[in-house]
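Each chain, letter by letter, is given below.
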Amino acid sequence: MKVLVAGGGIGGLSLALSLHAAGLDGVEVFEASPVVEELGVGINVLPHAVRELTELGLADEVAAAGLATGEFVMFNKHGQRIWGEPRGFGAGYRWPQYSIHRGRLLGVLHRAVLDRLGAKRMHTGHRVVRCSQDGSLVRVEFADGGVAEGDVLVGADGVHSTVRTQLHPDEGPPLWNGITMWRAVARAEPFLSGATMAIVGHFGKRAVIYPITPVGPDGRALINIVLEAKTTEGRPMPRQDWNRAVNADEVRALFGSMRFDWIDLGMLIETAEQWWQYPMVDRDPLPGWSLGRVTLLGDAAHPMYPVGANGASQAILDARTLAHDLALETTIDAALDTYETTRRPATSAVVLANRQVGAEKCMELAEARAPNGFRRIEDVFAPGELEELTTQYKRTAGFDPATLNERPSLTVPPADRTAATNDSPATAPPTSADL
Ligand SMILES: Cc1cc2nc3c(=O)[nH]c(=O)nc-3n(C[C@H](O)[C@H](O)[C@H](O)COP(=O)(O)OP(=O)(O)OC[C@H]3O[C@@H](n4cnc5c(N)ncnc54)[C@H](O)[C@@H]3O)c2cc1C
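Below or above, wherever it landed, is the structure these notes cover. (Residues numbered from 1 in each chain as written. Predicted model: local features only at pLDDT ≥ 70, side-chain atom pairs only at ≥ 80, totals over all residues. Heavy atoms only, no water.)

1. A word on the nonpolar core
So, point 1. Ranked by internal contacts, the top residues of the largest apolar core, which has 107 residues, are Leu 58, Ile 82, Leu 105, Leu 153 and Leu 326.
So, point 2. With sequence-adjacent residues up to four places away left out, Leu 58 is seen in contact with Leu 17, Leu 53, Val 108, Leu 109, Ala 112 and Arg 116.
So, point 3. If you look at the next biggest cluster of nonpolar residues, it comprises 29 residues, including Trp 182, Ala 198, Val 251 and Phe 255. (Core = buried A, V, L, I, M, F, W, Y, C linked by side-chain atoms within 4.5 Å. Buried < 20%, exposed > 50% of the residue type's maximum accessible area, 1.4 Å probe, protein only. Contact = heavy atoms within 4.5 Å.)

2. Regarding the sheet that holds strand E7 (residues 98-101)
So, point 1. Strand order in the open sheet formed by 3 strands is E3-E7-E4, with antiparallel pairing between adjacent strands. Each edge of the sheet is formed by a strand with only one pairing partner; in this case those strands are strand E3 (42-45) and strand E4 (66-68). For this sheet, the mean inter-axis angle between neighbouring strands, taken without regard to orientation, is 25°.
So, point 2. Bridge analysis of E3 against E7 gives 4 bridges, and the strand direction is antiparallel. (Pairing = 2+ DSSP bridges. Helix = DSSP H or I, 4+ residues; strand = E, 2+ residues; numbered from the N terminus. Axes fitted to C-alpha atoms, helices over the stretch in contact; angles between N-to-C directions.)

3. Structural notes on the pairing of strand E9 (residues 128-134)
So, point 1. Sheet topology places E9 next to strand E10 (residues 137-142); 6 bridges connect them, and they run antiparallel. Bridge assignment links Ser 132 to a residue of E10, and that residue is Arg 139.
So, point 2. In this structure, the hairpin formed by E9 and E10 is closed by a connection of 2 residues, where Gly 135 is found at a positive phi of approximately 60°.

4. Description of the environment of Ile 269
So, point 1. Within the secondary structure layout, Ile 269 lies in helix H7 (residues 265-271).
So, point 2. The exposure class of Ile 269 is buried, given its relative accessible area of 1%.
So, point 3. Linking Ile 269 and Lys 205, residues 64 residues apart in sequence, is a C-alpha distance of 15 Å.
So, point 4. Each residue touching Ile 269, except ones within four places of it in the same chain, is listed here: Leu 227, Ala 248, Val 251, Arg 252, Phe 255, Gly 256 and Trp 275.

Structure representation (structure tokens):
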């Protein structure tokens, strides 16, 4: 079976590694960028995705590239603690949670692809511009006029997915909620536990801050900062470009005075070398991901607000699930069907939960009930209310400890592989002219 993967981001590279691990070696990754660059700032990889990376044999590499997140703490805009909880092992998971530079995680996956599959499977400078199907044959065309053919095409080409646009031509651009995000990293002294992920404020004006490296010999760690503000008034949506660099003027004006006894955000803003701006966008969940032998994965399938740190984690879960299904089902069509039946409802629920601010709902309630702050948190929330709000989100996103620890592995033992190598034409014939 030959699987064509459009996009060599976290989702696409995880898929290539997962297919290889499941005994399906016929994979070709086509990445638009001329080189795989270690771009981005910090992200979190949740225990359910760390489990998958561990089962792919990458536990040591990921651990060395990031920092195990020790706790997650929410504060109101006055810097008062609303709720805190341990993360990773401390929360009863069998796998840690990592705060990690997106580029370094991408680097770990890229090196593993080169080592395990070989450089000839990784085609950089190949922007997919069109795809088509003829029975069981899938064909992709590249911007330079080249073509490739295979049995399956997976669109892992991110929030502006060309493959998704071809499957759903009338969908239009991503949906903006009016919030602009400014992202940066700064070398600074650690705060709180030294492994704390802190969120301050409320939806519409929030700061998300966490270290992504251990403390170095200089007593400093690399701190990730994401500042979010609703800035719709009279403004067009900022360009959706992950690499859009801006100066610090606006963040300084909006957040520079946020100084608490546990962190000085004003100082962090001045320390950061570069700020990047991006609009907070998502898309409505789709009624279907697959058409014939073409399907979607990661942000191409379910772009979501970066609430609850799920974007990269859900892409990794998609990848492992799809490889599992392709190795175990007897036909490709059955495998794509099983994949979509498992992953589409699960990720649609996260997209929708993130619109309701997911686990961070506590911060909205704190702002609504006590905008001027509180003397005791017990005066704002009923007994057990905070715990219930955060537990609900973990269940929705598939990472509550009991479920994750007990669910069967997605690793496919060699004896079980039936590989959906059946070449019969797709049972659901494409309905558009192109597909
Ligand atoms: C440069 C960059 C920086 C990012 N920085 C952050 C960040 O700081 N914080 C954060 O939360 N998220 C960031 N993200 C998004 C985050 O990586 C994803 O939300 C998440 O990891 C899901 O991964 P994905 O593989 O589905 O999508 P992505 O990581 O977006 O990967 C998609 C890949 O497909 C490639 N591609 C796009 N179109 C085509 C095409 N037509 N043909 C072939 N290849 C194509 C892209 O170049 C990219 O490598 C960034 C994404 C990118 C591309």
